Amino acid sequence: AQTVTQSQPEMSVQEAETVTLSCTYDTSENNYYLFWYKQPPSRQMILVIRQEAYKQQNATENRFSVNFQKAAKSFSLKISDSQLGDTAMYFCAFARGSNYKLTFGKGTLLTVNP
Amino acid sequence: DVKVTQSSRYLVKRTGEKVFLECVQDMDHENMFWYRQDPGLGLRLIYFSYDVKMKEKGDIPEGYSVSREKKERFSLILESASTNQTSMYLCASSLITTGGGETQYFGPGTRLLVL
């Protein structure tokens, strides 16, 4: 069974600074997908970024980028120029290549301070 | 934009009541999911459905059942609510593709309190 570990239950960052959220996973699969989802306070969970394991290039979406280290089974999220609206719970998630079910980590609560 | 809606944002029920949580998506997605979210535990999959009338158990199906009579609607049923089912319930949907790994789109959640 796959497991996803987020070792930082809470983090905080000052507005405009950069922060990195950690995620490690355990799998014997070679074909899989990794995701970061964001859940703002009292709002819907939305996808931040998605990485296909067979792609070596790290995914980026505007201020959000990942550091995907396949051999180390690490998938960290970097948020640049943090904004107050980035305050949210962030979940790392894993899906096997042919499977639609997601395995989630326990989440990291990120607070961006003015 | 994909829209996933859930019938209630907040529900208060009594122990032993039968509870229905409804989820509707408007993007013709084949897959629909029910998760339970608890502090410090993340999201845990209760059930998912990949087609009308088709379902599979997730990681924590005990005490729950589901129904999918129409493609756009997926219901979660608590046959006899118990206090340990007090939680946030999230519905999600996604497409089926040959490669897998499709993005899941989430509803706003239903916060259920069982007294």
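Predicted model, so just to flag it, every value in this text is computed and none were measured. (Residues numbered from 1 in each chain as written. Chains lettered and ligands numbered in written order. Predicted model: local features only at pLDDT ≥ 70, side-chain atom pairs only at ≥ 80, totals over all residues. Heavy atoms only, no water.)

Caption draft 1: Structural detail: the overall build of chain B. Along chain B, the regular secondary structure elements total zero helices and 11 strands. Helices (α) and strands (β) of chain B occur, in sequence order from the N terminus, as β-β-β-β-β-β-β-β-β-β-β. Rg of the C-alpha trace for chain B: 13 Å, near the compact-globule value of 13 Å for 115 residues, within the 12% margin. For chain B, the spread of C-alpha atoms along the principal axes amounts to about 45 × 30 × 25 Å. Counting every position in chain B, which comprises 115 residues, the buried fraction comes to 49%. Of the contacts formed within chain B by residues at least 6 apart in sequence, a portion of 56% connects residues at least 24 apart. Carbon and sulfur atoms provide 51% of the accessible area of chain B, an area that totals close to 5,500 Å². (Helix = DSSP H or I, 4+ residues; strand = E, 2+ residues; numbered from the N terminus. Rg over C-alpha atoms; globule rule 2.2 N^0.38 Å. Buried < 20%, exposed > 50% of the residue type's maximum accessible area, 1.4 Å probe, protein only. Contact = heavy atoms within 4.5 Å. Areas by Shrake-Rupley, 256 points an atom, 1.4 Å probe, with all protein chains shown as cover.)

Caption draft 2: Summary view of the interface of chain A and chain B. Counting residues at the interface gives 19 residues for chain A, matched by 27 residues for chain B. Together chain A and chain B conceal approximately 1,800 Å² of surface at their shared face, both sides included; 53% is due to carbon and sulfur atoms. Where chain A packs against chain B, one counts one salt bridge. Among the ionic pairs, E56(B) bridges to K101(A), the shortest N-O distance being 3.9 Å. (Buried area = accessible area lost by both parts, 1.4 Å probe. Salt bridge = Lys/Arg side-chain N within 4 Å of Asp/Glu carboxyl O.)

Caption draft 3: Spotlight on the sheet that holds strand β8 (residues 73-78) of chain B. All names here are of chain B. If you walk across this open sheet you meet the four strands as β1-β3-β8-β7, and the pairing is antiparallel. Pairing within the sheet leaves two strands with one partner each, and these edge strands are β1 (4-6) and β7 (64-70). Taken over all neighbouring pairs, the strand axes of this sheet differ in orientation by 20° on average, direction set aside. Sheet topology note: the β7/β8 ladder contains five bridges and is antiparallel. Within β8, the position partnered with V66 by the bridge is L76. (Pairing = 2+ DSSP bridges. Axes fitted to C-alpha atoms, helices over the stretch in contact; angles between N-to-C directions.)

Caption draft 4: Looking closely at the packing of aromatic side chains. Tallying each qualifying case throughout the model produces 16 aromatic pairs over all chains. Here the aromatic rings of F48(B) and Y50(B) are separated by 6.2 Å at their centres, their planes lie at 50°, and the arrangement is tilted. (Phe/Tyr/Trp six-rings, centres within 6.5 Å; stacked < 30°, edge-to-face > 60°.)

Caption draft 5: Highlighting the pattern of salt bridges. Going through the model one piece at a time under the given rule, you end up with 12 salt bridges over all chains. Between E52(A) and K55(A) there is a salt bridge, with the nearest N and O atoms lying 3.6 Å from each other. E52(A) sits in the buried class, given a relative accessible area of 13%. By relative accessible area, K55(A) is classed as partly exposed at 42%. Between K71(B) and D28(B) there is a salt bridge; the shortest N-O distance is 3.1 Å. Pair noted here: K71(B) is in the loop between β7 and β8 and D28(B) is in the loop between β3 (19-25) and β4 (31-38), with a separation of 43 residues, a long-range link. A relative accessible area of 27% means that K71(B) is categorised as partly exposed. Sharing partners across several salt bridges, the network here consists of R50(A), E52(A) and K55(A).

Caption draft 6: How the structure looks around the confidence of the model for chain A. The share of residues in chain A with pLDDT of 70 or more is 100%, and the mean pLDDT across the chain is 93. By mean pLDDT, the top-scoring element of chain A is strand β3 (residues 19-21) of chain A (98), and the lowest-scoring one is strand β7 (residues 60-61) of chain A (92). (pLDDT = per-residue confidence, 0-100.)

Caption draft 7: Geometry of the pairing of strand β10 (residues 88-96) of chain A. All names here are of chain A. Along β10, seven of the nine residues are buried, which leaves the element largely enclosed by surrounding structure. Where strand β5 (residues 32-39) lies against β10, eight bridges are found, and the strand directions are antiparallel. Of the residues in β10, the one forming a bridge with Y37 is F91. As paired elements, β10 and strand β12 (residues 108-113) share three bridges and run antiparallel to each other. Each residue of the ladder has a partner; that of A88, found in β12, is L110. Both β10 and strand β11 (residues 103-104) contribute to a ladder of two bridges, which runs antiparallel.

Caption draft 8: Representation of the nonpolar core in the model. Counting 25 residues, the largest nonpolar core has Y25(A), W36(A), F75(A), L77(A) and Y90(A) as its most contacted members. The dominant element in this core, judged by the number of residues it contributes, is β10(A), at four residues. In this structure Y25(A) touches T3(A), V4(A), Y32(A), L34(A), F68(A), Q69(A), K70(A), K73(A), S74(A), F75(A) and F94(A), once residues within four positions along its chain are discounted. If you look at the next biggest cluster of nonpolar residues, it comprises 20 residues, including Y47(B), I60(B), V66(B) and Y89(B). (Core = buried A, V, L, I, M, F, W, Y, C linked by side-chain atoms within 4.5 Å.)

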